[in-house]
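Summary of structural features
Residue-level listing of the chains:
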Amino acid sequence: MKRIHANEIKKKRYRKEMKDTDAIFMVRALELSHVALDDGHGHPFGSVVVRDGKIIGEGWNKAKVLHDPSAHAEVEAIRDACKNIASTSLAGSVIYASAQPCPMCLSLIYLTGIEKVYYCIPGDTIEAMDSRLRVEHIYRELAKPPLDRTIPEIPILPEEVDKNVGRYKVHYP
Ligand SMILES: [Zn+2]
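Residues numbered from 1 in each chain as written. Predicted model: local features only at pLDDT ≥ 70, side-chain atom pairs only at ≥ 80, totals over all residues.

Overview of the nonpolar core
Ranked by internal contacts, the top residues of the largest apolar core, which has 25 residues, are V48, V49, A73, A77, I95 and Y96. Here this core takes five residues from helix α4 (residues 73-85), the largest share from any one element. Excluding its chain neighbours within four sequence positions, the residues that come into contact with Y96 are F25, M26, A29, S47, V48, V50 and Y118. (Core = buried A, V, L, I, M, F, W, Y, C linked by C-beta atoms within 7 Å. Buried ≥ 20, exposed ≤ 12 C-beta atoms within 10 Å, placed from the backbone. Helix = DSSP H or I, 4+ residues; strand = E, 2+ residues; numbered from the N terminus. Contact = placed C-beta atoms within 7 Å.)

Now the structure itself:
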């Protein structure tokens, strides 16, 4: 008998939870991914941010045309949503991404307080199409202690810490 992995059970549960509107928002994210593809913007990814059942931000990958490696679909949708609601917090929102978010986008999702991520195309399927994306590599790196990573984070000028933290505290009383 085939063993069912715990993640598979979870995936099935989430599939059951899917509402009709989820499909509508995902179709919109997929449409935006086609914009990225047709206009030569770079990799074909699209995304929408939704709050209270309404799209508050949309984006597609613009990395190539903007010469901006951070202009991923999710980042663009989050920037658009934040601008539209004049806030840096997206608490109470969910994001729909045509493909599973990369570590950079996922970090921004955490930073803005987005509460759920829906994706269509799994990350490993994307990476199989273009190994330069190295998404799995970054996730493995993040799991390591900072000094063991391929790109180490090295603390320097320890004598400057207290002085500067003292200044920052004025802004974070
Ligand atoms: Zn990304």
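Topic: the packing of α4 against helix α5 (residues 103-112)
Contact geometry for α4 and α5: axes closest at 9 Å, N-to-C directions at 25°. Taken together, the axes of α4 and α5 lie roughly parallel to each other. For the pair α4 and α5, the crossing hand works out as left-handed. The segment α4 lies against α5, with E74, V75 and I78 engaging C105, L108, I109 and T112. (Axes fitted to C-alpha atoms, helices over the stretch in contact; angles between N-to-C directions. Parallel < 35°, antiparallel > 145°, perpendicular 65-115°, else oblique. Left-handed = near helix turned anticlockwise from the far one by under 90°.)

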